[in-house]
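# Results of the structural survey
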Amino acid sequence: MKLLVPIKRVPSADEPVRVRPDGTGIEDDGRAFMINPFDAIALEEALRIRDSHPDGGEVLAVCIGDSEVEAELRTALAMGADRGLRVACEASLDSLSVAKILAGVVRREGPAMVLAGKQAVDSDAGQAGPMLAGLLDWPQATFASVITFLEDGRVQVVRETDHGLETLRLCLPAVITADLRLNEPRYASLPAIMRARRKPIETLPVADLGIQPRSRVVQLRMEQSTMARECVRVADTDELLHRLRSEAKVI
Amino acid sequence: MASLPGLSREIFGNVSAEARLLFYGLSCLVVAVLAQAVIRRVRLWLRGRPESGLPPWRTIGRNLWRLALLQRRNRGRTSAHAAHLLLFGGFCLLLLGTTLIGVEHWLAALWTPAGGGPVFHKGLYYAIYEPVLDFAGLAVLAGCAFFAHRRWRQPRTSPNAPGDWLVLGLLASISVTGYLLEGLRILREQTPLPWLSFVGAPLAHGFAAAGLTAAGAATAHQIAWWIHAVLALGLIGLFPYSRLLHAIAGTLRLAGGPVRLGNLRPVSIEEVEATGELGVTRIEQFSRGQLMALDACVACGRCDQACPAHEAGQPLSPREVVLGLRAEMDRTVLARSPGHPGEGTSDEGRDLAGEVVGSPALWACTTCSACAEVCPLAVNPVGFLLDLRRATVTASGLRGTPAQALQKTLRAGNPWGMSSGERMAWAAGLEVPTIEENPDCELVYWVGCAAAYDRRIQKVARSLVRLMRAAGVNFAVLGNREQCTGESARRMGDELLFQELAGRNLESFRKHGIGAGGKRIVAHCPHCVNSLRQDYAQMGARLDVVHHTEFLDDLLTSGRLAVKGPDGGNAAAPLTYHDPCYLARVGGGVDEPRRLLRAARQGAPFTELPRKGRNTACCGAGGGRMWFDEAPERRAGRERLAEIEAAGADTLAVSCPFCLVMMTEGLAARDVTTNVRDVAEILDDQLQSDSTA
C-alpha cells in the first residue's frame, strides 16, 4: 500500500516566538525548526501501517517549500519514510494552495491513503487536510485517535470530537488527519539520519504539477501579543471567589 | 621437641598401588573435564570484542592480592562477608595443602631422599601444616553452616538453587570426610604427636573408645579415603558448571581492578560508519571483559539491594540483567555449536533489548552506578544496559518525552530545546564576561544547560558567580558558544549526538586554550564534570575540570574566600545533605561539600542521611531519567525522599542541578516544607560583603 504523508516545517515550540519589528513575520535568525508534531504522528502511523501490512508498501513524505525544508524531509526519511518529495515553491501559501498542490502530488503518485497532521502548530488552521479530501472527492476522517484496517478492506477511524468519540468507516482511498493520541512518534537518531542520506529526495517544481499557487489569504502584518498579566497568590478558595467577583468581575 | 625430626605421615598410606593408579586415572579425567569446560568458557568470552591492552602486571598483582585474596570488595553484609572469608580462606588453605602434598609426592618419587622418608613433609613444617589444615577445615565447615542456615531461612529464587545446595554439601562433606580420614589414620598409623591434628586426634580417641581396632581402622580408612577422593574430584569437575565458576571468572575479572564508575565503552565513529552498527544487538558485540564478567556474577543480589529503580518498584533488577545475558550467551553458543541446525546464524536468538532485558528495565536505569560499586566481583550492569540502549536508540526504538529531549538536543544543542541565543539570560545584571571579552581568565565557568534555561538553577549559577567574584577569581564563560556536554544523550544511548555536541565544545576549548596545562574548568553540575572528565577524555581531550564544591573548598581553605559565621536566624536552622551520585560515588567528592556547609552554618545542627557518601541513594534523574515524564511517587528516589523527610531538617543541601530539581518536586509532592538549596547558595548567604545583588 502506498501512503502519502505531507510534512510541514514549523518553528520549534520550545522557545518563545518573536515577531520581527517590521511585522512581516517571525524572527527566524538562529531559531530551530522542526516537523509539525501532528505530521510526525501521521508519519509514525503510516510507518506502522506499512510495517504491519502483509505486503508492505511505501511511505512517501512530501514537503512544500524552498530547499530549507529538506532538513525536515531528511528527518522524515530518518524516521523511516521510504522516499521524499519536495515541491519547490518559494511563495507563501494559504491552506487552499497547499491542498491544491497536494492534490496534484496525489494525482501524480496515486497513494491509497493520505495521512496528515490534523493541523500545523504555527498557523493552526487545520484546513489543508479537509480541503485536500474535498478537491480529490475522497472520504475523510479528521482528528483520528485510532486507525484500524477492517477485513473488507475498509478503514475504521475513531475520531476525537468536542462531543466525544466518533467512529467512522471509510473506503480507500481516503484522507485521514492525525490527532495527538494516535501514537508516540519515534526518535530519529543521528545514525538513522546518516542512513537516511542514502534515501532519495526528489525535487519537483510546482509548475510541473500544472499549478500556479495564488493565495486567497494574504497576511498583512504580525504583532507580538502582549503578556501583561499580574499574578497574585490567594490564600484560599473564598478569597479567590471574592476577588473574581468583586475585582475581576467575571463571576 | 625431640620427636620433631621423626614427625611425618605416609603419603598415600594404606592405599594400594592399584587404587593409586585408579585415583590417578580419575584425577586425569576430572582435570580434563575441568580444562575442557574452562576452555569452553574462555572461548565463549573470546567471541567478544577485543579490548585495549591489559593493565600493567604490577597493577594486576595488586588487584589480585587486594581484591581477590584479601576480598576487599566483599564488604557490606557483615556476617556474610565473614562467612565468605572463612569459606574462601579455608578452601584456599586446603587447596594449597593438598597441592603441597602432591608436590611432596612427586618430589619423593623423582628423588628419594636417604632413608626413603618424605622430602619436606616432616618435622617443623609438618608440625605447622597439620593444625593449620585442621583449622582450615573448620573454617570451611563454619562458612558452609552459615550459608546453609541463611539459604534455609531466606530461600532465594536463585536460578541454580539445587546446584547451590550441592556445592555447599560437597564442600562440607569433603571437610567432614577429611577429618574422619585423619582420625582413622591416626588410629591406624599411631602417628606421633597426634594432638597436632586437633580435630583428628579427638576423633581417633573416639573411634578407639568405640572399640575400633587398628585393623578395623585400616578398612574404614580405605572406604573413607575413596569417599573423600571422589567428593573432592567431583567438586573440581563441578567448578565450571556451578556457582563456583565465579572463583575462576571472578578472579580474572578482579585482576582487571574495580569498575571505573561513570566511564562508558568508547565508540569509534569510523567503526560505526564501516559496520553501520552501534551498540549491542548480538551477544558477541559485548567486549571480552564484559562476557567474562557475565560468568563472574555469583548472583548474590547486592546490586538489586543497591539499585534505586529496583527499590522504587520499577522493573529493573541488575542481577536479572546479568543473569539473563549470561543465559543468552550460553544459549547462543549451544545454538551455534557444530551440527546444531542453527549453526552459523546469529539472528535466531531473542532480542537482547526488549526480550532478554525488557524495555522498561532498560530505561529504568539512572546510571547511578550503585550496583557496580557494591558488586564484590566488579561486574558493571550499567555497561551492559548502556550498550543495549545504544542499539535501541540507533534502531529508532525510543519514544515519548525522552525521545523528545534527544530531538530537542539535536535541534537546539540542549535538552530544553531553547535557543542558544538565550544562553546568557541567567546572568542578567551580573555582567559575567564571556571568554571573548576576557581571554586572559584563569578559569572557565561551565554553566551547563540547567543553569542556562531552568529558572531555579539559574539562582545557583548566580550564587556561584557572586562567590567567585568575592574570592577575586578571574573567570569567564563560553556564553552562547556553550552546548550541552551530551552527558544525558550519551547515557540515553545516543552516542553520535553526544560526539556531535562534544566535537563542537572541544572546538571551543581548543580555540580558547582550555585544557590541561591551560585554563581550568569549574562546573556546578557533577554530570557535566564527569562527562568533561571521562567522556571527553575518550574524545582525546585532556581537561582540568573541578566541581564547584571542590573549587570553593580550595578557595575557602586557601583563605581567598571568607564567609561570615552564623548570624542567627536562618543560619542556625537544622541542615542535612544529599550526596549526588555523580559527585560522591563517581567523582569521590564527599568531604568538600560538608566542609563548605560547616563553614557556612557553624553551629547549625547537621543531620547525616542514613545513606551518605559513596553509599548515597540516587534522586532518580541520572541516565536521562530526568527527561522521562513520570510522577514523583513512581520515580526512583522516593525512598530517599522518605529518608529526607525523616531527617526533619529545615534545609536540604545538594550540589547537583538534577538532584535539586528532583528533590524539590519530590518533597513538594509529599507536602514537606524542607528548602532544597545548592551548597553554593547556602555559602552565598554568608558572604562577608554583599556584592552584586
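Residues numbered from 1 in each chain as written. Chains lettered and ligands numbered in written order. Predicted model: local features only at pLDDT ≥ 70, side-chain atom pairs only at ≥ 80, totals over all residues.

## Description of the overall build of chain A
What chain A contains, in helices and strands, is 6 helices and 11 strands. Projected onto its principal axes, the C-alpha positions of chain A cover 65 × 45 × 40 Å. Here chain A, with 251 residues, has 38% of them falling under the buried criterion. Of all intrachain contacts in chain A linking residues separated by at least 6 positions in sequence, the fraction that spans at least 24 positions is 70%. (Helix = DSSP H or I, 4+ residues; strand = E, 2+ residues; numbered from the N terminus. Buried ≥ 20, exposed ≤ 12 C-beta atoms within 10 Å, placed from the backbone. Contact = placed C-beta atoms within 7 Å.)

## Points about the interface of chain B and chain A
On the chain A side, the residues contacting the 24 residues of chain B number 17 residues. Of all the elements in the fold, those that place two or more residues in the side of chain B that touches chain A are helix H16 (381–394), helix H17 (400–412) and helix H21 (495–511) of chain B. Of the residues forming the side of chain B that touches chain A, the biggest block, 7 residues, is contributed by H17(B). For the side of chain B that touches chain A, a count of residues per class yields 11 nonpolar, 7 polar and 6 charged. (Nonpolar A, V, L, I, M, F, W, Y, C, P; charged D, E, K, R; others polar.)

## Looking at the domain arrangement of chain B
Residues and elements named next belong to chain B. What the domain assignment reports for chain B is domain 1 (4–255), domain 2 (269–394), domain 3 (405–557) and domain 4 (569–685). Listed by partner, the interface residues are 12 residues for domain 2 and 17 residues for domain 4. The set of elements that each furnish at least two residues to the side of domain 2 that touches domain 4 consists of helix H12 (308–311) and helix H15 (370–374). The greatest single-element share of the side of domain 2 that touches domain 4, amounting to 3 residues, is contributed by H12. Classifying every residue of the side of domain 2 that touches domain 4 by side-chain character gives 6 nonpolar, 4 polar and 2 charged. (Domains from an automatic or database assignment.)

## With respect to the confidence of the model for chain B
Residue and element names in this part refer to chain B. Here chain B averages 89 in pLDDT, and 94% of its residues register 70 or above. Across residues 342–347, where pLDDT falls below 50, the model places 7 contacts with residues more than four positions away in sequence or in other chains. Interface confidence for the predicted complex, expressed as ipTM, amounts to 0.78; the pTM equals 0.88. (pLDDT = per-residue confidence, 0-100.)

## Considering the nonpolar core
Counting 235 residues, the largest nonpolar core has Val5(A), Leu43(A), Ala61(A), Val62(A), Leu102(A), Leu115(A) and Val444(B) as the members making the most contacts within it. Element by element, the count of residues in this core is highest for helix H19 (residues 455–470) of chain B, at 8 residues. Apart from residues lying up to four places away in sequence, Val5(A) is in contact with Asp39(A), Ala42(A), Leu43(A), Ala46(A), Val59(A), Ala61(A), Ala81(A), Leu115(A) and Ala116(A). Counting residues in each nonpolar core, the second largest holds 12 residues, with Leu180(B), Leu181(B), Leu184(B) and Trp225(B) among its members. (Core = buried A, V, L, I, M, F, W, Y, C linked by C-beta atoms within 7 Å.)

## Quick notes on the sheet that holds strand E7 (residues 651–654) of chain B
Residues and elements named next belong to chain B. The strand order across the open sheet formed by 4 strands is E6-E5-E7-E8, and the pairing between neighbours is parallel. Every other strand in the sheet has two partners, leaving strand E6 (606–608) and strand E8 (675–678) as the edge strands with one partner each. Each neighbouring strand pair of the sheet contributes to a mean axis angle of 30°, computed without reference to strand direction. Running at roughly 165° to strand E5 (residues 575–577), helix H25 (residues 591–600) makes contact with E5, E6 and E7 of the sheet. (Pairing = 2+ DSSP bridges. Axes fitted to C-alpha atoms, helices over the stretch in contact; angles between N-to-C directions.)

## Some points on helix H2 (residues 70–79) of chain A
Within H2(A), 8 of the 10 residues are buried, leaving the element largely enclosed by the surrounding structure. Phi turns positive one or two residues past the end of H2(A), at Gly80(A), with a value near 140°.

## Quick look at the environment of Ile35(A)
Residue and element names in this part refer to chain A. Looking at where Ile 35 falls in the secondary structure, it is placed in strand E3 (residues 33–35). Note on Ile 35: 27 C-beta atoms within 10 Å, which makes it buried. The spacing of Ile 35 and Val 121 is 86 residues in sequence and 9.7 Å in space, taken between C-alpha atoms.

## Overview of unusual backbone geometry
Cis geometry marks the peptide bond from Leu172(A) to Pro173(A); its omega dihedral reads 0°. Mapped onto the secondary structure, Pro173(A) falls in the loop between strand E9 (164–170) and strand E10 (174–178). In this structure, Ser396(B) is a non-glycine residue whose phi angle is positive, near 55°. On the secondary structure map, Ser396(B) appears in the loop between H16 and H17. If you check the backbone angles, Glu431(B) has positive phi at about 50° while not being a glycine. Mapped onto the elements of the fold, Glu431(B) is located in the loop between H17 and strand E1 (443–446). Here Glu431(B) falls in the exposed class, since 10 other C-beta atoms lie within 10 Å of it.

## A short note on the packing of H19(B) against helix H27 (residues 657–669) of chain B
All names here are of chain B. Here H19 crosses H27 at 135°, and the two axes come no closer than 10 Å. Here H19 is positioned oblique relative to H27, judged by the angle of their axes. The handedness of the crossing between H19 and H27 is right-handed. Contact residues: Arg 456, Ile 457 and Val 460 in H19; Pro 657, Leu 660, Val 661 and Thr 664 in H27. Its residues assigned to classes, the contact of H19 with H27 comprises 5 nonpolar, 1 polar and 1 charged. (Parallel < 35°, antiparallel > 145°, perpendicular 65-115°, else oblique. Left-handed = near helix turned anticlockwise from the far one by under 90°.)

## A look at the packing of helix H5 (residues 161–189) of chain B against helix H6 (residues 200–209) of chain B
Residue and element names in this part refer to chain B. Interaxial distance between H5 and H6 falls to 7 Å at its minimum, and their mutual angle equals 65°. The handedness of the crossing between H5 and H6 is right-handed. Residues Tyr 179, Leu 180, Glu 182, Gly 183, Leu 184, Ile 186 and Leu 187 of H5 form the contact with H6, whose participating residues are Gly 200, Ala 201, Leu 203, Ala 204, Phe 207 and Ala 208. Considered class by class, the residues forming the contact of H5 with H6 number 10 nonpolar, 2 polar and 1 charged.

## Structural notes on the environment of Ala476(B)
All names here are of chain B. Along the chain, Ala 476 falls in strand E2 (residues 475–477). For Ala 476, a count of 22 C-beta atoms within 10 Å gives the class buried. Along the primary structure Ala 476 and Tyr 445 are separated by 31 residues, whereas in three dimensions their C-alpha atoms are 6.0 Å apart. Those residues in contact with Ala 476 that lie beyond four places of it in its chain are Pro 433, Thr 434, Ile 435, Glu 437, Asn 438, Cys 441 and Val 444.

## Quick word on the pairing of strand E3 (residues 520–523) of chain B
All names here are of chain B. Where E1 and E3 come together, 4 bridges link them in parallel fashion. Across the sheet, the residue bridging to Leu 443 is Arg 520, located in E3. Pairing between E3 and strand E4 (residues 545–547): 3 bridges, direction parallel. Residue pairing for E4: Val 522 is matched across the bridge by Val 546. Crossover connection from E3 via helix H22 (residues 526–538) to parallel E4: handedness right-handed. (Right-handed = clockwise from strand over helix to strand, strands pointing away.)

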